[in-house]
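Letter by letter, the chains look like this.
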Amino acid sequence: MSNPATPPRSLAEALRARDDTSLAALLRARPDLITPVPTDLTQLATRAGTRASVVRALERLDRFALQTAEALAVAADPAPYEELLGLLAGDEGDPEVAAALPRAVATLREQALVWGDDDRLRLVRTARELLAPSPQHPSPTGLGPTVQEATAGMSPGRIQEIVTAAGLSSTHDSVSAVTALTALFTDRKRMARLLAGAPEESMEVLSRLVWGPPYGQVTADPAAHLRWLLDRGLLLPTAPGTVVLPRAVALHLREGRAHRTVEPLPPAVEAAATHRPQVVDATAAGQAYTALATVEELLKDWDEGGPTVLRAGGLSVRDLKRTAVALDASEPVAAFWVELAYAAGLIASDGEADERYAATPAYDEWLEQPAAQRWARLAEAWLVATRTSGLVGGRDAKDRTLSALGPGLDRSAAPEVRHRVLALLAWLPEGAAPSAESVLARLRWERPLRGPVGVPALEQSQKWGRDDDLRARLARWTLSEAEMLGVTGRGALSGHGRALLGAGSAKGGVSAGTARDDRDGGPSAEGPSGSGRAAGHTATADGPSGASSGPGDKLPVHHRPAPDHAPLSPAEQATASAAAARLLAPLLPEPLDHVLLQADLTAVAPGPLQRPLADMLGVLAEVESKGGATVYRFTPGSVRRALDSGQAASDLHAFLAAHSRTPVPQPLAYLIDDVARRHGHLRVGAASAYIRCDDDALLSEILADKRAAGLRLRRLAPTVLAAQTDPAALLDGLRAMGFAPAAESAEGDVLITRAHAHRTPPRTAPEPVPDGPPVPDATLLTAAIRAIRAGDLASTTPRKPTAAPGAGGELPRTSSAETLATMQAAVLTGEALWIGYVNAEGAASQRVIAPIRVEGGFVTAYDHTADEVRTYPLHRVTGVAELADEQL
């Protein structure tokens, strides 16, 4: 075991010195380290240094923490805290950098990317390899190699020539010569004197290389100003025709700074406009109701079976266009509603031979819920979904078109971006609507590295701001989708939107019960503050209270940063959704039980209608316009549709009289009676099909009509016509000619046709595609840390020497008699033993146990590895040894 007073010599020793709270913070920040649970801390340290895990951890750093890691990659190994501060703050210093650096170091320590005390900070080897400069992968800082690295293949004579030209005394070996040259380049005063004599053209060359990339091209016979630089080692050759600016020279020209621009604080989120919270909530509630109506309209349109499923999956372009026309929306908006209904489990493919999309049984259950609960289900599905409707119409990696409901739309980063955007909105004062660009700038600071590690952060951040970057597009889509769904109103987060996020509704931001004291301005400051200087240098500055601000005002969010709202657990999200529904319910309009009938054969619904009334009107009339009031128009076709569904004329008169606040207009009553009088006068059956009518003159009129030629009719009797088409087509053809036929059953009765609601078999909503391993809960963290500690105890505890030690110091093999005797002695003395054990599956492990009882071929002992009492068969114990006295 390491002594806590001595500095750690490895990452494993540094982890061993942590307490359980610190280990839990590490495993929570990097959940890939716990899958599967490491056997001990050495294995945990090894896994934390693998390339895949380090890359993932670097991608989740904020801008300043990443810049700190990049500075450590070009600093000495190990580097004292003062050197790191100098690389970030420069020779003149920067108070903001000095105040923010302890937090960044603490974050890197917490995530096991940096270890060691402040006087010996070490970046893990894999991170240094990724971030350090090389000819193939320039450093994100733009710095080049050290003098020692650049002169590694240079001849000793040439090195001595450079030393002499630089005004230094010649040395006896190359090592001392490189050391002297490095000392010159790192001495600010001597370097200033050396560069004072440089030609102006030489300084122009250095200025072009100073901020990177540090490599340049020269000819075989360089110009005089280049020769001046080459002779003094200010440029060093790396390959024929290629030179590099040494790191120490660049740092001198940069005044000690590793980065051109250091961003210790996140950018403020600008409030583009401020509205009264009541206006925001009312607007968002109106949008929420519109969202419910749109989803219901979509599912009603697909009630009898929706579009067919493409062979590759998804909707065809033509079907998406038809859906957009039906919803009176653009194709991207229609794709959003389709994908939202799919994510909520309301639509799916029916799985039949002629596969089609249709509503699921869950849709019927959803319709029976109160409006606020229905909205909460849609909003929750949107918040956690990884399917991204904004990608519809784009191209995948194989240049295939991405279709709605098709494969390839999952983006694992979508839930994280949605949560973070809403968290930023939640931290603003109530009613404040931010500008999209300021939200993008903030997100860009919090997650700057989302491309190949080694690409300069500035270049990646420039790409981040363009619409071709996925995270930037996800953020923009989140803002527009939240508005359509009613999570926001007029661009500001609503009260029920805050509740959905689990953020409360405190003025000016998140309630105290949910806000984390995230003093760094980034999303990863939770956890231990680090040791020594890092803890002592933490600085905070409270911003103003949540007072309203006018358009364009910059809220000092970087002083009181937005908390990191990680996605909630399913149970927490269910609670938050229920709270959001309770807040939204009073804001939604109450459904009406009446309409206003007008003399022009229209009915006006001044608000949302109760479901039975709306369903009946949907059959009896056509929707002419929507908005604050819905206008229905009665036509002969719509009245005939109601009669076909089994309603009688008297039923329709009674329905209208009961639900109209105005008298039933005479033209509407005449329309119903006229259509009812003609309804069923003609009878259609199967011959293939036939028409029968008591009025032979009417049948003669049909035969004489040129429009009936396609029906191929012939007279069988004075009152019967036969047709060479099926009954359904015959019905449609006659109705197109202006007649009102009725279908007839085999018994000669009028056949009442009712709408058939097609449903899929029970389907579950699509599971989101996780962005890596899930964050472990408290129970799993506790169990994992206990297992790691116990395994580490078993692997590091010194053992007493035995007569027959195993090869390489491994657990000795003991006979059954020796094992039994040692176990029995330990029961009497209460000592702990180190054993090797093979379970029933043949897996071998090492354990530290305290035997309690030995009998019947079994040993009952307290297992320190599992932290519980267990019973082991003695024949599965491969070896046993006593622990060293100083460990007892």
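Refer to the structure printed above.
1. Things to note about the nonpolar core
Phe-64, Phe-185, Leu-234 and Leu-235 are the most contacted members of the largest nonpolar core, which totals 93 residues. Looking at which element gives the most residues to this core, the answer is helix 5 (residues 63–74), with eight residues. Beyond its immediate sequence surroundings of up to four residues, Phe-64 is in contact with Leu-88, Val-97, Ala-100, Leu-101, Arg-103, Ala-104, Val-262, Glu-263, Pro-264 and Trp-445. Formed by 74 residues, the second largest nonpolar core is a distinct cluster that contains Leu-320, Tyr-363, Ala-432 and Leu-588.

2. Thoughts on the packing of helix 29 (residues 636–644) against helix 31 (residues 666–678)
Between helix 29 and helix 31, the shortest axis-to-axis distance is 10 Å and the interhelical angle comes to 60°. Overall, the two elements helix 29 and helix 31 adopt an arrangement that is oblique. Like other packed secondary-structure pairs, helix 29 and helix 31 cross with a definite hand, here right-handed. Where helix 29 abuts helix 31, its residues Pro-636, Val-639, Arg-640 and Leu-643 lie against Leu-671, Ile-672, Val-675 and Ala-676. Looking at the contact of helix 29 with helix 31, its residues break down into seven nonpolar, no polar and one charged.

3. Considering the side chain of Asp-350
Mapped onto the elements of the fold, Asp-350 is located in the loop between strand 7 (347–349) and strand 8 (357–359). The charged side chain of Asp-350 is buried without a salt bridge, its nearest counter-charge being Arg-356 at 5.9 Å. At 3.1 Å, the side chain of Asp-350 forms a polar contact with the backbone nitrogen of Glu-352. Discounting chain neighbours no more than four positions away, the residues touching Asp-350 are Glu-355, Arg-356, His-758, Thr-760, Pro-761 and Arg-763.

4. Concerning the packing of aromatic side chains
What the rule picks out here adds up to four aromatic pairs. Over the face of the ring belonging to Trp-366 we find Arg-374, whose NZ or CZ atom lies 5.4 Å from the ring centre.

5. Let's talk about the sheet that holds strand 13 (residues 596–598)
With antiparallel pairing, four strands are arranged side by side in an open sheet as 13-14-16-15. Two strands close off the open sheet at either side, each with one partner strand: strand 13 and strand 15 (622–625). Adjacent strand axes in the sheet meet at a mean angle of 30°, parallel and antiparallel pairs treated alike. Bridge count for strand 13 against strand 14 (residues 602–605) is three bridges, and the pairing is antiparallel. For Gln-598, the partnering residue across the bridge sits in strand 14 and is Thr-602.

Definitions and limits used
- Residues numbered from 1 in each chain as written.
- Predicted model: local features only at pLDDT ≥ 70, side-chain atom pairs only at ≥ 80, totals over all residues.
- Heavy atoms only, no water.
- Core = buried A, V, L, I, M, F, W, Y, C linked by side-chain atoms within 4.5 Å.
- Buried < 20%, exposed > 50% of the residue type's maximum accessible area, 1.4 Å probe, protein only.
- Helix = DSSP H or I, 4+ residues; strand = E, 2+ residues; numbered from the N terminus.
- Contact = heavy atoms within 4.5 Å.
- Axes fitted to C-alpha atoms, helices over the stretch in contact; angles between N-to-C directions.
- Parallel < 35°, antiparallel > 145°, perpendicular 65-115°, else oblique.
- Left-handed = near helix turned anticlockwise from the far one by under 90°.
- Nonpolar A, V, L, I, M, F, W, Y, C, P; charged D, E, K, R; others polar.
- Lys, Arg positive; Asp, Glu negative; His and termini not counted.
- Salt bridge = Lys/Arg side-chain N within 4 Å of Asp/Glu carboxyl O.
- Polar contact = N/O pair within 3.5 Å; in protein donor to acceptor, adjacent residues only side chain to side chain.
- Phe/Tyr/Trp six-rings, centres within 6.5 Å; stacked < 30°, edge-to-face > 60°.
- Lys NZ or Arg CZ within 6 Å of the ring centre and 35° of its normal.
- Pairing = 2+ DSSP bridges.

Everything listed is a geometric property; what it means functionally is a separate question.
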